[in-house]
Structure formats: C-alpha cells, structure tokens
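What follows is the residue order along each chain.
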There are 4 protein chains.
Amino acid sequence: MQIKTAEARSVIDRTLGNLVWGWKKLSMITDDKILILRPDLPKADIKPLYRQMQKCVDARGGEVSARTHAAVLGQAYLDLNDQGRHQFMRLIVDRFGTDEAALRESMTAYLEQGDRRDQRMLDRVRELLTPPWTTLFTQFNALPSGVKFLVDMRSDLIRFSREDGELEVLDRDLQRLLVSWFDIGFLDLRRITWDEPASLLEKLIAYEAVHEVQSWEDLKHRLNTDRCCYAFFHPRMPDEPLIFVQVALVNGISESIQDLLDDKAPVEDPHTVDTAVFYSITNAQHGLRGISLGDFLIKRVANDLERQYPNLKNYVTLSPAPGFRDFIECGLDLDELPPLSPSEKSEVETLLETRVVEQQEILETSKTVKPLLMRLCAHYLASGGNGTGPADPVANFHLSNGARIEQINWLGDQSIRGMNRSFGLMVNYRYRLSDIEKNHEAYALDGRITCSSRVKSLLRMNGQS
Amino acid sequence: MQIKTAEARSVIDRTLGNLVWGWKKLSMITDDKILILRPDLPKADIKPLYRQMQKCVDARGGEVSARTHAAVLGQAYLDLNDQGRHQFMRLIVDRFGTDEAALRESMTAYLEQGDRRDQRMLDRVRELLTPPWTTLFTQFNALPSGVKFLVDMRSDLIRFSREDGELEVLDRDLQRLLVSWFDIGFLDLRRITWDEPASLLEKLIAYEAVHEVQSWEDLKHRLNTDRCCYAFFHPRMPDEPLIFVQVALVNGISESIQDLLDDKAPVEDPHTVDTAVFYSITNAQHGLRGISLGDFLIKRVANDLERQYPNLKNYVTLSPAPGFRDFIECGLDLDELPPLSPSEKSEVETLLETRVVEQQEILETSKTVKPLLMRLCAHYLASGGNGTGPADPVANFHLSNGARIEQINWLGDQSIRGMNRSFGLMVNYRYRLSDIEKNHEAYALDGRITCSSRVKSLLRMNGQS
Amino acid sequence: MQIKTAEARSVIDRTLGNLVWGWKKLSMITDDKILILRPDLPKADIKPLYRQMQKCVDARGGEVSARTHAAVLGQAYLDLNDQGRHQFMRLIVDRFGTDEAALRESMTAYLEQGDRRDQRMLDRVRELLTPPWTTLFTQFNALPSGVKFLVDMRSDLIRFSREDGELEVLDRDLQRLLVSWFDIGFLDLRRITWDEPASLLEKLIAYEAVHEVQSWEDLKHRLNTDRCCYAFFHPRMPDEPLIFVQVALVNGISESIQDLLDDKAPVEDPHTVDTAVFYSITNAQHGLRGISLGDFLIKRVANDLERQYPNLKNYVTLSPAPGFRDFIECGLDLDELPPLSPSEKSEVETLLETRVVEQQEILETSKTVKPLLMRLCAHYLASGGNGTGPADPVANFHLSNGARIEQINWLGDQSIRGMNRSFGLMVNYRYRLSDIEKNHEAYALDGRITCSSRVKSLLRMNGQS
Amino acid sequence: MQIKTAEARSVIDRTLGNLVWGWKKLSMITDDKILILRPDLPKADIKPLYRQMQKCVDARGGEVSARTHAAVLGQAYLDLNDQGRHQFMRLIVDRFGTDEAALRESMTAYLEQGDRRDQRMLDRVRELLTPPWTTLFTQFNALPSGVKFLVDMRSDLIRFSREDGELEVLDRDLQRLLVSWFDIGFLDLRRITWDEPASLLEKLIAYEAVHEVQSWEDLKHRLNTDRCCYAFFHPRMPDEPLIFVQVALVNGISESIQDLLDDKAPVEDPHTVDTAVFYSITNAQHGLRGISLGDFLIKRVANDLERQYPNLKNYVTLSPAPGFRDFIECGLDLDELPPLSPSEKSEVETLLETRVVEQQEILETSKTVKPLLMRLCAHYLASGGNGTGPADPVANFHLSNGARIEQINWLGDQSIRGMNRSFGLMVNYRYRLSDIEKNHEAYALDGRITCSSRVKSLLRMNGQS
C-alpha cells in the first residue's frame, strides 16, 4: 500500500497546473517554485525543503498560493525513496511541532486566572496544541487525490514509526485528522458487483486478506447472485475501497469455508435462503489503521440485505480463531489451560509436535481430539472473564459489536493457514438485532461474553473431563 | 436559511429507518426510542432530552446505536420552534461542556513534569479540550443530510448567540468542526448552466445577495453563453451551493452594473472577448459564516476560464463600495475627511441632505461633484494605511486576496441601493496573476495597498484641491 | 417547432468537423466541399445543390464520405428560409424519386414469371420502391442531432405539403422512416420532476398544449408530490420530450380542471389517494405527426404509478370535448340532433347566440340547461354507432385505447376556451385493466362504445324528454 | 452467440410484468395468456403457437396488448431448443409471408393505370411487400433487451438457413429491419479502458476473433496507455459491443504481431509516437452479419485519435492475408500463378508439403523463399485487376474503404494459424486522409488498386524472374 511513485506522479503532473491558479505560469516566472530533491534527501537538500515547508505553514502569498506550495511539496515527497521520506518526516517533527514554551505559558496563564472561565485563554491553549504540521497535512488535501495521498503518507509514517518512536506523535496527529475526515457520515456504502470497473475489482483481488482470491474466475464466483460484496468509499477516493466485506447467502449456518468458496457448488436463489454469512472482512488501507469502520460495515450491510432479501433470518460470520494454537501452546507452557486429563494433555502435546500436513489425519481419525479441541476453543474465546476480553482479536471485535458466540466448527478451515493457526477450527458469531445493544453493554461495561447454549455446554463440559 | 421543518422531517422520516441497522424495528420493541418533545421544550421535556443526549455521548449500545440515538435527537430538534431550539442549545452548553476541574488537573500535571516532553499528558489535555458536545455534533453527521443539518443548526446557533453570549463557545466549536469538514480539498467546483436542475437554480434566485435575480428569464440571461456562474459544493450537500460567483465575459472592463444586467444587450462570443468581470459573489449558507471560500472561488474560476477562453486578458471585479456614504457622513462629523475646500464641503453636505431620487440629477449635472466624489472614494478605499486596512469590507476582501484597486466608476450602480450606499460609485478590483502574491504580502504584512496609476492620481489630487 | 437556424447551426458548426474523419481538412483541400447557398435558393443555386445531393445518393468517395457530404447538405438546409427550403424539397421530389420505368419493368417481369416465387425479383421491386431520397434522409441521420434534424425537417415538410400536394409522397416516405426509428421499443419513459434541467422544463412550458402553463410557479405546482409528469424520449434526442402526460393523484374522480390546477389547494399524500387523473397529454413534436405514442404513454404511466402507489384504484382522464359546440350548432342546422322539445330547442338557440362571458350566468342559473346539455353531450360522445366512431377526436382516442366513458362533468372547464368549445363540459374516460382488451375489440371491430351506467342513463333519458 | 436461455429468461421473467400494463394481472385472469411449449415444438404445440402469432399480427386488444402478446411469444421462443426454434421459424415463413395473390393484383392494377402516377396504388404494393412477419419482428422490439433478442434471433436464423433455404427470405427481411435500426447515426463510439465493467471486458475476451486474448493480464496490456480499443454500441444494447478495433500507438509501422502483443515490451508515451496500428477488428454479433460498420469504425477512431494525439502521422493496419496459402495451392493446380521458374515452382511445392512446425526453418534459412513469397503475395493482394477485386477478403475490405497496400511483412505472424494461412506473412494497409476518396473511387468504379512503391516493385519483379 505504498504510494506508487510513477503512477501517482503522472496524475499529479497532469493536474497540478490546473489545481490552483497559475501554478504553471508562476513556475515559469520564478524558477525556485519547483523543488527538485535527490531521492534519499541528503543534508544539502534539507534547507530548500525546510524553506518550502515554512512557506506553506506561513501561508505566504495567501491561502491559495499556500496550497500550491504544498502541492509542490507533495510532488517532491512522491519522488523520495524510503530513506528520503523518513528524513522528510523527521524534518516535520523536529521543526514544525508544538511550541512548548508558548504552550506552557498559555496553560499557566489559564490556570492562574482563578475560577472565571475565559474561553479566549482556552482557545489559545487549543491553538498551541495544534502544531504547525497540522497545517501542512491539511494543505496536502488540495493535491489531486490529496486524501489518498495523506492516507498513503500515513501508511509510510506507520512503517517508519516502528523504528523511530519520535514519529509516533506525528502519526497520532495525522490519525486524528483522518478520524475526522473519514467519519462514517461521509462514507458511501456500495455493493460491488461484476459490473464494476476491472480497475476496481483488481484491487479487491490484491487487498483481500482473509481468504485469498485465486483468479478472476474466483472473484466472479464471489460476486455471483448468491454472494455479495460491500465496501465503504470516501467521496474523494472513489476508486479505492476502504474496507470490504464478503457475504454468502445460503441455507443454514455455514460451517466450512472451503465449502463456501467452492465455485462448483450450485448457485442458490438469494430470495429464498435464510442465512447471510459474513465470511471475510478486509481493511484495505493501511493508512487508516485505528479508524474502525468494521462495526458500521457489518450492520449497514445487514440492514441492506434485510431490505433486499426479506427471507433472511440469520446474520452470522464464519470467522477464524487466529490465536487458538498460540493459546494452547503458551497455556501448556504456563500451565494456564483449563484442567486437562493426562491423556488429553498428551494428545495436545502430540498435536503441537505434528507437522500440519500430518495433523489432518489425527484430526479426522482420533475420536477424542474433537471434543477436546472444541472445549478448549470455547474457553479460548469465551473465558476472558477478567474484563480484558478474550485473547482472540476476532472474538473481541465481534463481541464488542454486540454479537454472540454461536458455534465452533470442526474442520471449518482445512487450509495450511487454518490448520496452523487453529487446527482448522472456525467460529460463527451471530448478530441478532434485538440483542445487539444488550450484548454490547454487557461486554463493554462488565466484560460479560454472550454465548449460544451449544457453546455454553462446551464450556460446562470442562469441569467433567 | 433556517431548517425548514416539514421538508427536512419528511426526508428524515423516509430514510431514518434505513440509516442504521434496525432502528425502525428497535423502535417497535422499546418504545422509549422515539423522543416526543413539545415545540417550545418546556421544563418537563428537558429530562428525557438530557437522557437521550447522555446516551449518545456515552455511545451506549455501541457506536452504531449511538448514531441512531443521535438521529432520533436530530429528528426531535427539527420539530422544535426557536424557543425550544434555544433551550436545546442551552442544555448542551450547560451539561456537555468541558470538565474544567479535570482539565486544570491535566494541565497542572503536564506543567509539573519538568522539561521532558510527555505526549500522553498532552494528549490528555487535548482530549479534555474537546468537550462531549463535539461528540454529539459529530454524531449528527450520520443523519440523512447530516452535513446540511449541522450547517443549518449552526445558522440557528449564530442567531441565538446574538442575544445569548454563553452560546458563543458552542458556536466556535461547531465552526472548528465545519472548518475541517469544509476544507477546500473536499469541495467541488461546478459551473452552473441553464441545464442544471430547476430545484438548484431556484436556490440561486433565492440566495443571490448582491444584485437580486428578478425572474427566471433574468437568471437565464445570467447563464447565457457570455455569462457564467460557478459554485462550490460539498459532496454531502450536492444540491446546495456553498458560495457562488457570477461572471460576465465582455470586451473591456465593465463600468456599470446596469449595463451588465441588461438582458437586451447583444450576446458576445465568449471565445473572442478579453475581459472576465466578476460582478457578484454570494455566500449561500449562513451556517458557514467565518469559513472563507471566496478567495479560492475567484482564483479557481479564473483558472478555469483561462483554459476555456485563452483570449481572456483581464480578470476584474465590478464591486460595490458599501460603506462609502457612511464614510463621508461620519468623516464630516468627525472632521476626518481629506481636506476639502469650503465649496466642496458644502456640495457634500447638500448631497447628504438630498433624497436619493433627487441625487441622480445633481450627480448628472454638477461639474464639480464627480471629481470630488471620485477623489473621496479613492481615499475611502486606499488610505487605510494605518495597517488596519480600509474601512470598506469589499476592498479589504479583494486586497487581501492580492488584487489591486483598478478603477472607480462614476454612476456604476444607479439602483436605489447603490445610490444609498455609495452615490452610485462602483469599483473594479483587478486580479493579475504575476502580482497576486506580491500584493498579498505587501498588504498582509505591511498594510500597503496597491492601486492602478489612475487611482493613484485620484489620491494625489487631494493635496491640490 | 421549426428548426431554429442559429442555434442548430452553431451546434453543427462546432461538431461537424468531428463528425466524420477529416471533413474539416478535406474542405481545406477541395473547396467545393462547402455549399454556400442564398437563403431563398434562387435558380442559379439549384445546380450545385443538385450535384451535392447526387454525390450523397451515389455514395461517392465511400459510405463515410457520403455521410460527410450529407452533413454539408444538412448545414446548407438550415441556412435556407422557408422559400428556399420549399425549393430544396421540390428538388428532391422532382429528381430523386422512384424510377417509374424501371419499376414497371420489374413488376412486369415478376408478373410474367408464372407461379414460381422468385424472391430476387421481388427484392428488385422492393428496392425500386425505395426511392433515392430515402438514402438522403437516412444519411442526414449522421448529422449531430440528426434525428432531431429529420423530425424538424418533416415539420417543415408538413407545412409545405398543405399548399404543395406533390410533396405529400415525400412526407409519407419520411413518416415511414420515422415510424421505424421511433418504435416504442426504442423510447425511454421518464418521470419529469422539478429536479430536471431548467432547459428541459422550459420546453414543457412552451409545448404544453392542453392547459397552458402560466409560469414557473405553475409548473412547479404541476410537478409537486401529488402531481406527476411523464414523457417519452428517444435516445438520440435526450433533451426533447416526444409526448408528455400530466397526472394528478387525488381522492375521487376529479370533475373540474380549475380545481386541479389551483396551486392553493392542499397537497395530498400520493401514497394514500385512490385516483390518478390524466388531465393533459401533449404531442411535443410536430414532425412526428401520425406516429401514435399516446396509448403506450397512458398505459405505461398507469403501470408505473400502480407499482409506486399501490393504493391507487382508479385511472381516469379529465378530458375536453372539443367539438361539442360545433356538434350542436351543425346538428341544429341539419336537424340531426336527438329529438328536442321546443323549449329545449329554444334554450339551445339562446345559448348559441350568447357571448361566452354571459353564458356562464345562464349555465349557473337555468335549471333546465344542465340536464339538456349533459344529455346532448352523452349523445355527442357515445352515439357514433354507425361504426365510424364518435365525432369527438378525444373520445375516439380513448375509446380505441380501450377506455370507457365514465362521467360528464358540468362546468368542468370554465375557461374561455372551455366555454367556447363545449359550454364548460369535461369528460372522464376510465381505464380499467380487466376491460381494456374487451372494450378495444368491441370498439375496433364493431364500433360498440362502452359507457358507465351514469352515462347510459343520460343516453336513455333522451326518449323521455 | 446463441441466446443463452437461462440468463435471458431470468431477465425477461423479472421485467415482463412491468413491460406493458397489467400483463401479470391479465395472465391471472385469462390463463391462456402464458404459452407453454415443449422444447422441440412438436406438432401439437404448433396450433397454440400459431394462434398467439396471429393475435400479435392482428394487434388484437390494441397495440399495447399486442406488444404483450409478442413478449409472451418471445419468452416461449427462448425456451425452445434448436429444433423447436427451427419449427418456430418455419411456422412464420409458411404462414405469415407475403400474400402473393393480392400482391400480383395490386401490381397489375398499378401497371394498367397508364402513365398517371397514383401513389396510393404504389403504397398498396409497398404495403403488401411488407409481410406480416415484419410486424412480428417489430413487436419483439418491446421485449426487455428486445434489440438483443432480435440480433440473437437472426443469429439462429442464419444458422438454420444454411440447411433450410426457404428461411433465407425471412433472414433478408430481418436484415433489412436491422440495417435500419443499426444505422450508424444511432451508434455510440466508446473507448474501452481498463475502467470498464468486468462484465463488459470479459465479452471482449470471449469475442476477440483475430488474435485471441490469453488472459486478463493480456487484456490489461491491450488497454494500456499506448494501446487502445474502441467499440460501437447501440443505445438499446449498452452492454454489448457490436464491433471493436484494437490499436497500438507506436513509433514506425509495426511489422510483427508477436512484437505488438508482447506484454514485456516497454510502454510508449502515446503523446509522442507517430503511428497508429489497427491490429484487430472483430465483429462481435453474428446476428449483424451483412451490416457493415468496419469502415465507419476505422475512420471515426482515426479521427478521435488524431484529436487526442496530434503527433500521429500514420494510420495503418497490421492485417493477415488469410487466403494466401489457398491462392498458391489452387494457383499451382490450375496453373494460374504468375510465371515461376522451375526452381521457384519446386520451392513452393516443397513448402506446401512441409508441416507447419518445420516450415519455419525453411522460411528462416532459405535465401530464395522470401523474395518469392513476397512477390507472390503482392500478386495475391494487388492483381485482382479484372474488376472483381482481389481474392483476399481483408484486402478487399480495406481497399474499398480507400486504403492502399503499404507493405508486406516477412514473418509478421509466426503463430500456427498465421503460418497455416499465409506462411507468416502480414500486410499493412494505410489510410491516408487526402487519398481516401480518390482511392475508393478508383477501386469502386474501375477496380484499380493503389499500392505503395515498395509493393509496386514487388509486382514489377515478376517479369524478371
């Protein structure tokens, strides 16, 4: 999800001249208007870059000109390599951050004034808390594809922050800006069909993170009449899905992802089936990390499906349990698993030592392994009763959305990955309209997890074994 | 620009159910979900309203539900009358503002920590500076037409603030939100032609503030091939112009607004003329007060015209000088006018005492009045050399955009209003690409005003008289 | 509906160069490519015009070039005045008609060949029956706005044919072409709302033939939520309605057009009312005379309304009876009216002699005039039992569509025009789904007219008086 | 290109009810409205089918009802298998053809009337020459996707006609109808990019007839910035390309199709190159056989490219010579080749006897084979001087469009197919604006073929060998 320099540049080059009045001509008059930097941004190039940034922050020549200066800056950024971009960010964080002295002064002044609320003084504090770099970020918004530029820039920033902790403060600020701009109220929910542009569909193929799309034919199958795909879009990034979900319309709650993805299976009439299975949710933009849209997506899609297909009765997911194997492995080491009989313990140990390709046989033949793993998985998902929620991130996501744990599926995902992560187990979470708020409150306030009776009996089995 | 209750409600009623999952059904289950308030919001209704607001702010039932609760709140707001709405705002400002004790505490903690930058502490201050009401405002964004709802709500707020100063802090906060959401990077510039929907065009007729549109025929004339109109739109308010400008494409700089608006005048070929005259700019949304888009509009339109009609050489305005009469009247009282000969003084006094309908004759016959008023007007516009800028708001707007004062036009606006405000004088401001930044800087930093040589000689004449 | 030369030319001039490859450049090379004719087409200009036509008909330079030559021809046509255009048509009819000798020969050959069907021979006859001018007409289709050009050309042709009978054969041929191109399968039905382009809506105002649109406000009223307007469009004339109908959604069958058009009347909720009243149908293109779209329009609109507003039960018209006064006047002269008592006869005579402005009083005060006129009107509409159908063209139209005569309304149209044509009487025809085919067959095959029982009793009253 | 029954039916089933008023309901009342036929249309089903056809032709129940009856008929057709459809056509041709007796009578009447032109009599002949089945065909146009239905029906008809000559007359009539409806004036030229719907692009992959599209990646390469694809569309078949052309924008005239299709080749900047190579034209609809759109397509595309890329100087094709091998083989047998020396004759014979996989070696190593085949190919393409044109259909197509033979390319197509058809030779035809009309006339009227001097010298070489 890095910015692809060549492509992005060509868009910018083509439209920059038209972006703000006279940029092209200005650049003919005063030739310092174009900023030519070496890709890795050596020291000698820092100074002209700094001057250009300063010009933006000061809005020299007026607001309209400042946007043009920012466009030049953005264009320069696209030509940098990773090292250069990192330096670019360091320059911002070092030179255009909060004026701390002034900030402290303003706070002191506010604190000293006694009880009287003086809003002007607070406004001053607030203003100083918005560092000059926020101005810079905002000005990039007027670039052609400016919103996408910022999202991609944040994607860079997240990468750099991993090694350079001082950039985190910049990242948090950019995130705050994007949270405001990607408010759910601005987004479009769109159903993606086979009639969408190939240039959009190839992005789905590239981005799909949960169950890889194998080919265009596979994609076509996933957009068939008994399948559907929905995505959120931002009006300024109309060709870029932000997050998308894939749904299968079937009879009965699906228990196996391989069955769902089998393009030989007969096509159902979506107007007669009773169940919508959400089998994949993908965040498509790294640069939007921490901006949560999944809850909205699931519920709006459910709402849309409900109106289109009034026969639907069940809204469930078919989800992985990505940390289940780790849970067992660590639990065994730390002796934190639910009580196991010696034979159970040994069975688990054997399993952990077996290579994935051979596990399958054990799973299919052993009579004892299924109840054992099912029970452990129930614990894994549902016993985070200490208020911190379950270890499983997927469980945590759906539970805080107000879903309940409906069912654990034996051999639900027989892919290598599925085996590796959770011995092939998959989970259905269920969204039931009338319970969502109640479940959410129970989970959010008290850490209580709602389960179906089937899962509850798995949990109860525990003591007996 | 008030929210028209009936219309807005019907839109909301129709779409609310689809807005977020299951609202309609939820409301069937738990009947406290619909908030029924009396129009003037008597005391007894405050409590349920407060509870609903609290539910939103706490995001009870999850984020998605919170948006539904906010929609119910928004719906209730639309049914209130002015008194009720004012109470609604008071409730917000009284109960959902900044937690000052916590804020002070967080600041003190930050100040005490010594030199070490601790961003988490700053984040805490920043968070406390964003009062709960901001959450409320943001949640309204998910209403159908939510952006328009907020803009109109701010329009209400501005009205109420005039009498109730405590609402100002709320207004400033809402303005900050709108500044971010109406960033120029999000707006669409669109040329408005006679092919636009009648439902949009009737808004132009209603909103046009500078030179009233007389009829649909008048509007058609203003959208003819040698005229044009451009507006900015927000992607979430596609049917509502935010600000629009009207331009005439003519030969030579226009000196009279009546000539421009005369629909009997022959139509020019826009591809051969040399001058674009911006003769009217209207801010269409009261709720966007203080969010300045005019500078961007003028320059982007100029850019667009330049590409379409390469023969254009001059970009000028034909603008009123709305405070000129007041300037003379007060100046005379306070003896602050430029030096006048006794006869001049008497001429001015006569003029001020004459009724508008009789002024015209003086203006057309007296040989001395023209040079006198032209000279005074030059002073009015260009002599704000004390750094505060000229008294005239229109001059101030164009000068800070980087334009220069090009020409003062005798009998440029012979309407009653034009006579009343400025004895019929009108002004051309000129936007010259190569000078814009220089002019802006001179004006912004040093208060220096740029004039054409013609206006300069008017200013020089002063000493001689 | 004449071709507006200036407008049409400018469109053509602008796009002609792009129409077919290289026209612009060709014209620079061989200067005979542009045809300059004097507006009234004097004799001297006939020859070059003839040569150009011949070039088209022969498709000289290939099919693509021929279309360019035809475009030049079309452009020339637009610059002619009525006299010139008439000559243009005469030239076509005189020189590019059927080759009769060859035709006769081909028929003779066919007839002589005995019983054996030889399709090639028939094809030859068919080919000769398609005169060269058909080639010309078809080639005009590649003009920008070519379809509209032909429709407008036919409008000219219809006018000229009134005085010049020899053009009729040309008109019949052009009509045949347009019948094929305006087949209902190609047309789009579109609901026209207040959100349509002003440039389209002003055409509704201009074209509306039945009840004149008074102003933009009147139009807005007619497009309100309890009113609707539908039109057919051709994909190649997307800005030109072909035929449009106006419908009011009301409770109960409307009896007065003035009540319907009253913009002070309260707006109904279209989802609760029971009756759709078709109160105006207008053929918007003179050049499509004889191509009947009205029947399709009414039934498709009814179908569309039915799906949108499931509460609708009645589909009726509110129609004029345009020939009623003439029917009485002539009937009296020729003694062909149904039997009248002497007092009735005298009342009718008085009425005929009274000026319209004074008729109203008689109609409102006399007790005998109402039953009399109602009875006569029932006869006027329903007694064309001799198989030729009623004299009234409106009745004939609706009856052949399968509607029945539902009701005659006293003082249904109190406008001057309504008084003049039918003493203010209006008629409801009713479209009842289950009877349409039956009614149509009865009327089409046997000339039987279907009436409601109320109208039937009016007819029966006859003998008694 | 057969009608895919299942898909087509579902579209029809879904929309038929809405097609014309009340069909759905009518069918509930009178149950004979739905026509259920067995797939192979046994004799017993002929009678109800005939009755339904008769109902359409007679327009029983009115025009609107007739369209509904036709829709029922169309729906029934889609459910038939090939045998059934053939019977369906036979029924039409046997029972709804020309009334020959009446036709003869009308002709006789016309011939006997002497010299006086009586248009009414001719109209009568013309009417009788339009058999009732034309009514049927036209009525199918109101089916949802009616135009596509007819095009596909003609595709069936063409297949059946091969074995059943009596259907030809029906086919000719349907062709006449389609010629009128697919007049170039109605078609849209659209550039196809990677942003088009996947559902459209997969049709390009399926239809491409000249150089098979290997994969979605291959297609993406063919839609890259230095490639382009254009197609004609009918407004009533917006998802179906009628004919499409693929163009490469390159420097210099391309000599090898494998080089052009190589997706490893560097991408050119289309704004700087000098040559547009039309390397593939595909007629996408079998049912439009005999309706020639290729000439228009090439010239309009050239026109469009010229405006977009003003640097283009050459417009050429890279075309196969599909009949070249046959020409040599037959020519050798019949001794009709240009004079060959004995060694040449033997070389040719060897070549003809060699398997394709081994030919390549001969072609690449023999020094004599290249001049020999090039010379023969020049004769093959350019020596059809007897006025019948060259044997090569591709040459004939481009020559009648006004192109000239520019160049013959050695090893231009090394695919099996290319080897098989023409020993790997390919041909460039050149479209030069200023010569098109002249070339066309020379070829159309006198059979003169225009060649470049290089091709001319190949022809001259002949005598010397």
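Residues numbered from 1 in each chain as written. Chains lettered and ligands numbered in written order. Predicted model: local features only at pLDDT ≥ 70, side-chain atom pairs only at ≥ 80, totals over all residues. Heavy atoms only, no water.

Quick look at the relation of the copies chain B and chain A
The two chain copies are connected by a rotation around an axis plus a translation along it. Mapping chain B onto chain A is achieved by rotating through 180° and translating by 0.0 Å along the same axis, at an RMSD of 0.1 Å. Viewed as a symmetry operation, the transformation between the two copies matches a two-fold axis. The fraction of interface residues of chain B whose copies in chain A are also interface residues reaches 99%, indicating that both copies meet through the same surface. (Least-squares fit on C-alpha atoms with pLDDT ≥ 70 in both. Contact = heavy atoms within 4.5 Å.)

Focus: helix H4 (residues 63–78) of chain D
Taking 1.5 Å of rise per residue, the 16 residues of H4 of chain D would be expected to cover 22 Å, and the 23 Å separating its terminal C-alpha atoms lies within 8% of that figure. Among the 16 residues in H4 of chain D, 15 count as buried, and that is most of the element. (Helix = DSSP H or I, 4+ residues; strand = E, 2+ residues; numbered from the N terminus. Expected span 1.5 Å × (residues − 1). Buried < 20%, exposed > 50% of the residue type's maximum accessible area, 1.4 Å probe, protein only.)

Comments concerning the interface of chain D and chain A
Between chain D and chain A, the contact holds 11 residues from the first and 11 residues from the second. Both sides of the chain D and chain A interface together cover about 870 Å² of buried area, and 51% of this is carbon and sulfur. Connecting chain D to chain A are two salt bridges. Residue Lys 220 of chain D pairs with Glu 202 of chain A through a salt bridge whose shortest N-O separation is 3.0 Å. At the surface where chain D touches chain A, the tally comes to 10 residue pairs in polar contact (both at pLDDT 80 or more). Counting only elements with at least two residues in the side of chain D that touches chain A, the list comes to helix H11 (198–207) and helix H12 (216–222) of chain D. With four residues, the top contributor of residues to the side of chain D that touches chain A is H11 of chain D. Residue composition of the side of chain D that touches chain A, grouped by class: five nonpolar, one polar and five charged. (Buried area = accessible area lost by both parts, 1.4 Å probe. Salt bridge = Lys/Arg side-chain N within 4 Å of Asp/Glu carboxyl O. Polar contact = N/O pair within 3.5 Å; in protein donor to acceptor, adjacent residues only side chain to side chain. Nonpolar A, V, L, I, M, F, W, Y, C, P; charged D, E, K, R; others polar.)

Observations regarding the environment of Ala 302 of chain C
When you line up the elements, Ala 302 of chain C lands in helix H14 (residues 294–308). Judged by its relative accessible area of 1%, Ala 302 of chain C is buried.

Topic: the interface of chain B and chain A
Each partner contributes to the interface: chain B provides 73 residues, whereas chain A provides 72 residues. Along the contact surface separating chain B from chain A lie eight salt bridges. Across the salt bridge formed by Asp 183 of chain B and Arg 67 of chain A, the nearest N and O atoms sit 2.7 Å from each other. If you look at where chain B meets chain A, you find 27 residue pairs in polar contact (both at pLDDT 80 or more). For the side of chain B that touches chain A, the element with the most residues is helix H14 (residues 294–308) of chain B, which contributes eight residues. Of the residues contributing to the side of chain B that touches chain A, the split by class is 28 nonpolar, 19 polar and 26 charged.

With respect to the packing of H4 of chain D against helix H5 (residues 82–95) of chain D
All names here are of chain D. Packing of H4 against H5 brings their axes to within 9 Å, and their N-to-C directions diverge by 140°. Classified by the angle their axes make, H4 and H5 are oblique. Along its contact with H4, which presents Leu 73, Tyr 77 and Leu 78, the element H5 presents Arg 85, Phe 88 and Met 89. A class-by-class count of the residues in the contact of H4 with H5 yields five nonpolar, no polar and one charged. (Axes fitted to C-alpha atoms, helices over the stretch in contact; angles between N-to-C directions. Parallel < 35°, antiparallel > 145°, perpendicular 65-115°, else oblique.)

So, the side chain of Arg 325 of chain C
In this fold, Arg 325 of chain C is placed in helix H15 (residues 324–334). Excluding residues within four positions of it along the chain, Arg 325 of chain C makes contact with Leu 352, Gln 359, Asn 420, Arg 421, Ser 422 and Phe 423 of chain C.

Things to note about the relation of the copies chain D and chain A
Superposing chain D onto chain A takes a rotation of 180° combined with a translation of 0.0 Å along the rotation axis, leaving an RMSD of 0.1 Å. A symmetric contact is evident, with 100% of the interface residues of chain D recurring at the interface of chain A.

As for the domain arrangement of chain A
Residue and element names in this part refer to chain A. Under the domain assignment, chain A is made up of domain 1 (6–97 + 132–181), domain 2 (185–317) and domain 3 (320–461). Across the interface of domain 2 and domain 3, roughly 1500 Å² is buried in total on both sides, 49% from carbon and sulfur atoms. Interface area lost by domain 2 to domain 3 is led by Glu 255, Lys 299 and Thr 317, which between them contribute 32%. Where domain 2 packs against domain 3, one counts zero salt bridges. Of all the secondary structure elements, the ones that give two or more residues to the side of domain 2 that touches domain 3 are helix H13 (257–261), helix H14 (294–308) and strand E5 (314–317). For the side of domain 2 that touches domain 3, a count of residues per class yields eight nonpolar, seven polar and three charged. (Domains from an automatic or database assignment.)

Considerations on the environment of Pro 339 of chain D
All names here are of chain D. With respect to the secondary-structure elements, Pro 339 resides in the loop between helix H15 (324–334) and helix H16 (342–353). A residue is classified by how much of its surface remains accessible, and Pro 339, at 57% relative accessible area, is exposed. Spatially, the C-alpha atoms of Pro 339 and Arg 417 are 28 Å apart, while their sequence positions differ by 78 residues.

Things to note about the packing of aromatic side chains
As enumerated under the stated definition, the model contains 46 aromatic pairs over all chains in all. The interplanar angle of 90° and the centroid separation of 4.8 Å between the aromatic rings of Trp 181 of chain A and Phe 186 of chain B together place this pair among those described as edge-to-face. Taken as a pair, Trp 181 of chain A in helix H10 (residues 168–181) and Phe 186 of chain B in the loop between helix H10 (168–181) and strand E1 (188–192) lie in two separate chains rather than in one. For Trp 181 of chain A, a relative accessible area of 1% corresponds to the buried category. Seen in terms of ring centroids, Trp 194 of chain D and Trp 216 of chain D are 6.4 Å apart; in terms of plane orientation they differ by 70°. Their pairing is edge-to-face. Residue Trp 194 of chain D is found in the loop between strand E1 (188–192) and H11, and its partner Trp 216 of chain D is found in helix H12; the two are separated by 22 residues along the sequence. One aromatic cluster is present, built from ring pairs that chain together Tyr 77, Phe 88, Phe 140 and Phe 149 of chain A. (Phe/Tyr/Trp six-rings, centres within 6.5 Å; stacked < 30°, edge-to-face > 60°.)

Some points on the pairing of strand E3 (residues 243–250) of chain D
Residues and elements named next belong to chain D. Burial analysis of E3 places eight of its eight residues in the buried class, which makes it a mostly covered element. Of the two faces of E3, the one lined by Ile 243, Val 245, Val 247 and Leu 249 and the one lined by Phe 244, Gln 246, Ala 248 and Val 250 are each fully buried. As judged from the six bridges shared by strand E2 (residues 227–233) and E3, these two strands associate in the antiparallel manner. Within E3, the residue paired with Cys 229 across the bridge is Gln 246. Here eight bridges tie E3 to strand E4 (residues 275–283), and the two strands are oriented antiparallel to one another. Residue pairing across strands places Val 247 opposite Phe 278, the latter belonging to E4. (Pairing = 2+ DSSP bridges.)

Focus: the packing of H4 of chain D against helix H8 (residues 132–140) of chain D
Residues and elements named next belong to chain D. Between H4 and H8, the shortest axis-to-axis distance is 8 Å and the interhelical angle comes to 85°. By the angle between their axes, H4 is roughly perpendicular relative to H8. For the pair H4 and H8, contact is made by Ala 66, Arg 67, Ala 70, Leu 73 and Gly 74 and by Leu 136, Thr 138, Gln 139 and Phe 140, respectively.

Structural notes on unusual backbone geometry
A positive phi angle, close to 50°, is found at Leu 41 of chain A, a residue other than glycine. Within the secondary structure, Leu 41 of chain A sits in the loop between helix H2 (23–29) and helix H3 (43–57). Judged by relative accessible area, Leu 41 of chain A falls into the buried class, the value being 3%. The backbone of Leu 411 of chain B shows a phi angle near 55°, a positive value even though the residue is not glycine. Note that Leu 411 of chain B resides in the loop between strand E7 (404–409) and helix H20 (416–422).

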